Amino acid sequence: MNTNLNPPFQGWSRAENGTQHGSGGGSVPRIGLVLSSGGARGLAHAGVIQVLEEAGIPIAAVAGCSMGAYVGALWASGLNGAQLEERAREIKDRETFRGLLDFSLPPSQGLIRGEKIRQHLERDLGQRTFADMRMPLLIVATNLERLTPQVFDSGVVSQAVHASAAIPAICVPVELDGKRYTDGGASEPMPVTLLKERQHLDYVIAVNVMPTSDDFAARNDSTFATTDKATQHLFARIFRSFWQKINLLAEGNVLDTFRRALMSAQLRLISKEELAADVVIHPRFKTSTWHDFEHFGHYLQAGRDAALGALPAIRALLEKPVKSSHEPACHENA
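Residues numbered from 1 in each chain as written. Predicted model: local features only at pLDDT ≥ 70, side-chain atom pairs only at ≥ 80, totals over all residues. Heavy atoms only, no water.

Most of helix H1 (residues 44–54) sits out of view: 9 of its 11 residues are buried. What H1 keeps buried is the set Ala-44, His-45, Ala-46, Gly-47, Val-48, Ile-49, Gln-50, Val-51 and Leu-52. Considering only its buried residues, H1 is in contact with strand S2 (31–35), helix H2 (67–77), helix H3 (81–89), strand S8 (203–207), strand S9 (279–282) and helix H11 (296–318). Following H1 by one or two positions, Gly-56 has its phi on the positive side, about 70°. (Buried < 20%, exposed > 50% of the residue type's maximum accessible area, 1.4 Å probe, protein only. Helix = DSSP H or I, 4+ residues; strand = E, 2+ residues; numbered from the N terminus. Contact = heavy atoms within 4.5 Å.)

Listed below in structure tokens is the structure:
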């Protein structure tokens, strides 16, 4: 269990000079919200949403990937920030989280099927479609047949979220209409450009809950940190040596190497997408794992801290002039 999840410093935001991309008419700009992938870190999205609601920031459309898709779908369906926090608090310990895992045997396609997690989501969403959402919603997965991002904006929302959050090598790919999908974080972990292309927006706020390469270099993030052998008892070191040989996720083993390589690609994609956003909100965490949902309070607070720091830049967007007309975008699924 992680014991040091308090951010080493307050979250930050970055306002960038950007061009306008259409408007909703009148004096209120159309602002889109993008929620990145990030596993348990994505609980910070709920904290960000709480601050946006409290500040009365109007959001015209939302796009999400992986955990960002999960939180974004619940919010677009009508749940507010307080209700999102209630859902996060349900996973109160590691045992509760394990109850949502349906292991795949044999694990030839992945370790977890993900059906229980989808059913957990459907307590709120049921079989509601994208057309039933209270605002335009885009969910991004990775199409394993075409090796491209797949944008879902029609059909059953829970199925799209299931596909978007199917972590490669951990979760079994999701098959929809004869095609296989995996986590959107593999191809588009923070879909700012996609949201801009599909919705006529004046500005986009992006929430990035992932670490940066500099965080690892400066040891500000210990996602892949290992236990100090010198502080372990002899029995613990012997057991760890044995477990190291059979645990595919252990440091240096195949899934650990895969996760590191995937994150390297994700961080590069995210850094490019940040440049397309008008405001970037970046909650920070010193220690985190993708399955660390029981520390929901730390993640929620980090999201709130980062969003509060970003409010001046966001409010500045509301004061900028907007265009007088808006034509809705119509697209087929990519």
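Moving on from the model shown.
As a further point, take the pairing of S2. Within S2, 5 of the 5 residues are buried, leaving the element largely enclosed by the surrounding structure. Across the two faces of S2 the burial is the same, with Ile-31, Leu-33 and Leu-35 and Gly-32 and Val-34 all buried. Of the strand pairs in this sheet, S2 and S8 are connected by 5 bridges, and their pairing is parallel. Residue Leu-35 lies in a different strand from S8, and its bridge partner there is Val-207. When S2 meets strand S3 (residues 61–65), the two strands line up parallel, connected through 4 bridges. Opposite Val-34, over in S3, you have Ala-63 as the bridge partner. Chirality of the crossover, the property in question, places the unit of S2, H1 and S3 among those that are right-handed. (Pairing = 2+ DSSP bridges. Right-handed = clockwise from strand over helix to strand, strands pointing away.)

Our next topic: the nonpolar core. One recurring pattern in soluble globular proteins is that nonpolar side chains are buried together. In terms of nonpolar packing, the biggest core is built from 69 residues, with Leu-33, Ile-59, Leu-137, Ile-139, Phe-152, Val-157 and Ile-281 touching the most fellow members. Element by element, the count of residues in this core is highest for H11, at 11 residues. (Core = buried A, V, L, I, M, F, W, Y, C linked by side-chain atoms within 4.5 Å.)

What follows deals with the pattern of salt bridges. Scanning the model with the defined rule gives 12 salt bridges in all. Between Arg-304 and Glu-54 there is a salt bridge, with the nearest N and O atoms lying 3.0 Å from each other. Of this pair, Arg-304 sits in helix H11 while Glu-54 sits in helix H1, and the two are 250 residues apart along the sequence. The buried category is assigned to Arg-304, whose relative accessible area is 19%. The class for Glu-54 is exposed, based on a relative accessible area of 55%. With its nearest N and O atoms 3.6 Å apart, the salt bridge here joins Arg-87 to Glu-86. (Salt bridge = Lys/Arg side-chain N within 4 Å of Asp/Glu carboxyl O.)

Now for the packing of H2 against helix H5 (residues 115–125). At a minimum axis separation of 10 Å, H2 and H5 run at an interaxial angle of 15°. When the axis of H2 is compared with that of H5, the two are roughly parallel. Here H2 runs over H5; the crossing is right-handed. Mapping the contact onto sequence places Tyr-70, Ala-73, Leu-74 and Ser-77 in H2 and Ile-117, His-120, Leu-121, Asp-124 and Leu-125 in H5. When the residues that make up the contact of H2 with H5 are grouped by side-chain class, the tally is 6 nonpolar, 2 polar and 1 charged. (Axes fitted to C-alpha atoms, helices over the stretch in contact; angles between N-to-C directions. Parallel < 35°, antiparallel > 145°, perpendicular 65-115°, else oblique. Left-handed = near helix turned anticlockwise from the far one by under 90°. Nonpolar A, V, L, I, M, F, W, Y, C, P; charged D, E, K, R; others polar.)

This part covers the side chain of His-45. With respect to the secondary-structure elements, His-45 resides in helix H1. Residue classification places His-45 among the buried residues on the basis of a relative accessible area of 0%. Apart from the residues within four sequence positions on either side, His-45 is in contact with Leu-35, Ser-36, Gly-68, Val-71, Val-207 and Val-209.

Right, let's talk about the environment of Ala-60 for a bit. Looking at the secondary structure, you find Ala-60 in the loop between H1 and S3. Note on Ala-60: relative accessible area 16%, which makes it buried. Along the primary structure Ala-60 and Arg-134 are separated by 74 residues, whereas in three dimensions their C-alpha atoms are 9.7 Å apart.

A few words now on the packing of H2 against helix H6 (residues 157–164). For any two helices packed against each other, one specifies the inter-axial angle together with the distance between the axes. Look at H2 against H6: their axes get within 8 Å of each other, and the N-to-C directions meet at 160°. It follows from the interaxial angle that H2 and H6 lie roughly antiparallel. Read as a crossing pair, H2 and H6 show a hand that is left-handed. Between H2 and H6, the residues in contact are Ala-69, Tyr-70 and Ala-73 and Val-157, Val-161 and Ser-164, respectively.

Before going further, it helps to examine H5. Every buried residue of H5 is accounted for by Arg-118, His-120, Leu-121, Glu-122 and Leu-125. For H5, the elements touching its buried residues are H2 and H6. Positive backbone phi, at 55°, marks Gly-126, one or two positions downstream of H5.

Residue-level pLDDT values for the protein average 82, and 76% of them are 70 or greater. Under a pLDDT of 50 for its full length, residues 226–232 has, in the predicted model, 8 contacts with residues more than four places off or in other chains. (pLDDT = per-residue confidence, 0-100.)

The topology assignment puts Ile-314 in helix H11. In this view, Ile-314 contacts Leu-52, Ile-57, Ile-205, Val-279 and Ile-281; residues no more than four positions away in its chain are not counted.

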